Amino acid sequence: MLKAKIEKALNKQVELEASSSQFYLSMASWTESQGLTGTSTFLYHHSEEERGHMLKLVKFINERGGKPVIPALVKPPETFNSIKSVFESLLEHELNVTDSINNVVDLCLSEKDYTTHNFMQWYVSEQLEEEALARTILDKLKMIGNDKGGLYMFDRDLELMVQQMPNETQK
Ligand code: OFO
């Protein structure tokens, strides 16, 4: 049985993962409207991944006899200043998610909930990957600057990257 404190922290994480999914969906839609189809494909995929992260938590809470709370979501921004600002916001958001995951991990240790601690390790490694990917993408965008040809190649590369990614349902 889950302790109330742990259940509360996991439900907070459910909300954060769900809001990540909404946020990236909004980014995907905006980049699509800008003609950046590869970038939008990447972000639509990312949005689905976040939904997967939320589902994994909901199922775990149920499995442990807890009560998952499906949250209402805050409306994400409709527009962004630039593609660079999209990925800057994405990295900032991921850093917050990492902090939140670390807090859950800390709580698991102080409450001696080693099962949830073990479950959360998947999220710890996932965050490492997501932060690294966001940083790599931002470095590329900085390198490209205002070069339209560079942006075209960047957009195409993101499309190819998605094709090589495992399907979230297989993760
Ligand atoms: Fe769920 O990893 Fe990003 O937010």
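Right above here is the structure, for reference.
No experiment lies behind these values; they were computed from the predicted model shown.

Peer 1: Help me understand the overall build of the chain in this model?
Peer 2: Across its full length, the chain carries five helices and zero strands. The secondary structure elements of the chain, listed N-terminal to C-terminal, are α-α-α-α-α. Taken over the C-alpha trace, the chain has a radius of gyration of 17 Å; the compact-globule value for 171 residues is 16 Å, and the two agree within 12%. Oriented by its inertia axes, the alpha-carbon framework of the chain measures out at about 55 × 25 × 25 Å. A total of 171 residues make up the chain; the buried ones form 46% of that total. Taking the contacts inside the chain whose residues are at least 6 apart along the sequence as the reference set, 81% of them involve residues at least 24 apart. Put simply, the chain shows about 9500 Å² of open surface, and 54% of that area lies on carbon and sulfur atoms.

Peer 1: Please explain the packing of helix H3 (residues 83–110) against helix H4 (residues 114–144) as it appears in this structure.
Peer 2: When two helices pack together, their arrangement is captured by the angle between the axes and the distance separating the axes. Taken N-terminus to C-terminus, the directions of H3 and H4 make an angle of 160°; their axes are 9 Å apart at the nearest point. In this view, H3 runs roughly antiparallel relative to H4, as classed from their interaxial angle. The crossing of H3 and H4 is left-handed. Looking at side-chain class alone, the contact of H3 with H4 contains 19 nonpolar, five polar and seven charged residues.

Peer 1: Can you walk me through the nonpolar core in this structure?
Peer 2: Generally speaking, nonpolar side chains in soluble globular proteins are found buried as a group. By size, the foremost hydrophobic cluster in this structure holds 22 residues, and its most contacted members are Met 27, Leu 43, Phe 87 and Phe 154. Every element with two or more residues in this core is listed here: helix H1 (4–33), helix H2 (37–63), H3, H4 and helix H5 (148–164). Leu 43 has contacts with Tyr 24, Met 27, Ala 28, Thr 31, Val 86, Phe 87 and Leu 90, leaving out every residue within four places of it along the chain. Counting 19 residues, the second-largest nonpolar core is a separate cluster that includes Ile 61, Val 97, Cys 108 and Phe 119.

Peer 1: I keep staring at H1 and nothing clicks. Help me out?
Peer 2: Since the α-helix advances by 3.6 residues per turn, residues separated by three or four positions end up pointing in the same direction. Given a rise of 1.5 Å per residue, 30 residues ought to cover 44 Å, and the 44 Å separating the end C-alpha atoms of H1 matches this to within 8%. One or two steps after H1, the chain reaches Gly 35, where phi turns positive at roughly 85°.

Peer 1: So what exactly am I meant to see when it comes to H5 here?
Peer 2: Taking 1.5 Å of rise per residue, 17 residues should cover 24 Å, and H5 covers 25 Å from first to last C-alpha, within 8% of that figure. Within the sequence span of H5, burial applies to Gly 150, Phe 154, Asp 155, Leu 158 and Val 162. The arc that holds the buried residues of H5, viewed along the axis, is 140°, so those residues lie on one side. Those residues of H5 that are exposed and angled more than 90 degrees off the buried face are Tyr 152, Gln 163 and Gln 164. Buried residues along H5 sit in contact with H2, H3 and H4. Between a side-chain oxygen at the N-terminus of H5 and the backbone nitrogen of Gly 149 the separation is 3.0 Å; the capping residue is Asp 147.

Peer 1: Please clarify how the packing of aromatic side chains should be interpreted in this entry.
Peer 2: Ring pairs (aromatic) are described by centroid distance and by the angle formed between their planes. On inspection of all chains with the given rule, the structure shows eight aromatic pairs. Between Phe 42 and Phe 87 the ring centres are 6.2 Å apart and the planes differ by 45°, which places this aromatic pair in the tilted class. You can see Phe 42 sitting in helix H2 and its partner Phe 87 sitting in helix H3, a full 45 residues away along the chain. A residue is classified by how much of its surface remains accessible, and Phe 42, at 4% relative accessible area, is buried. Between Phe 60 and Phe 119, the ring centres sit 3.9 Å apart and the planes meet at 5°, which makes this aromatic pair stacked. Separated by 59 residues along the polypeptide, Phe 60 in helix H2 and Phe 119 in helix H4 bring together distant segments of the chain. For Phe 60, a relative accessible area of 7% puts it in the buried group. Linked through ring pairs, Phe 23, Tyr 24, Trp 30 and Phe 80 together constitute an aromatic cluster. Of note, Lys 56 hangs over the ring of Trp 122, and the distance from its end group to the ring centre comes to 4.3 Å.

Reading the values: rules and limits
Residues numbered from 1 in each chain as written. Predicted model: local features only at pLDDT ≥ 70, side-chain atom pairs only at ≥ 80, totals over all residues. Heavy atoms only, no water. Helix = DSSP H or I, 4+ residues; strand = E, 2+ residues; numbered from the N terminus. Rg over C-alpha atoms; globule rule 2.2 N^0.38 Å. Buried < 20%, exposed > 50% of the residue type's maximum accessible area, 1.4 Å probe, protein only. Contact = heavy atoms within 4.5 Å. Areas by Shrake-Rupley, 256 points an atom, 1.4 Å probe, with all protein chains shown as cover. Axes fitted to C-alpha atoms, helices over the stretch in contact; angles between N-to-C directions. Parallel < 35°, antiparallel > 145°, perpendicular 65-115°, else oblique. Left-handed = near helix turned anticlockwise from the far one by under 90°. Nonpolar A, V, L, I, M, F, W, Y, C, P; charged D, E, K, R; others polar. Core = buried A, V, L, I, M, F, W, Y, C linked by side-chain atoms within 4.5 Å. Expected span 1.5 Å × (residues − 1). Arc of directions from axis to C-beta. Polar contact = N/O pair within 3.5 Å; in protein donor to acceptor, adjacent residues only side chain to side chain. Phe/Tyr/Trp six-rings, centres within 6.5 Å; stacked < 30°, edge-to-face > 60°. Lys NZ or Arg CZ within 6 Å of the ring centre and 35° of its normal.

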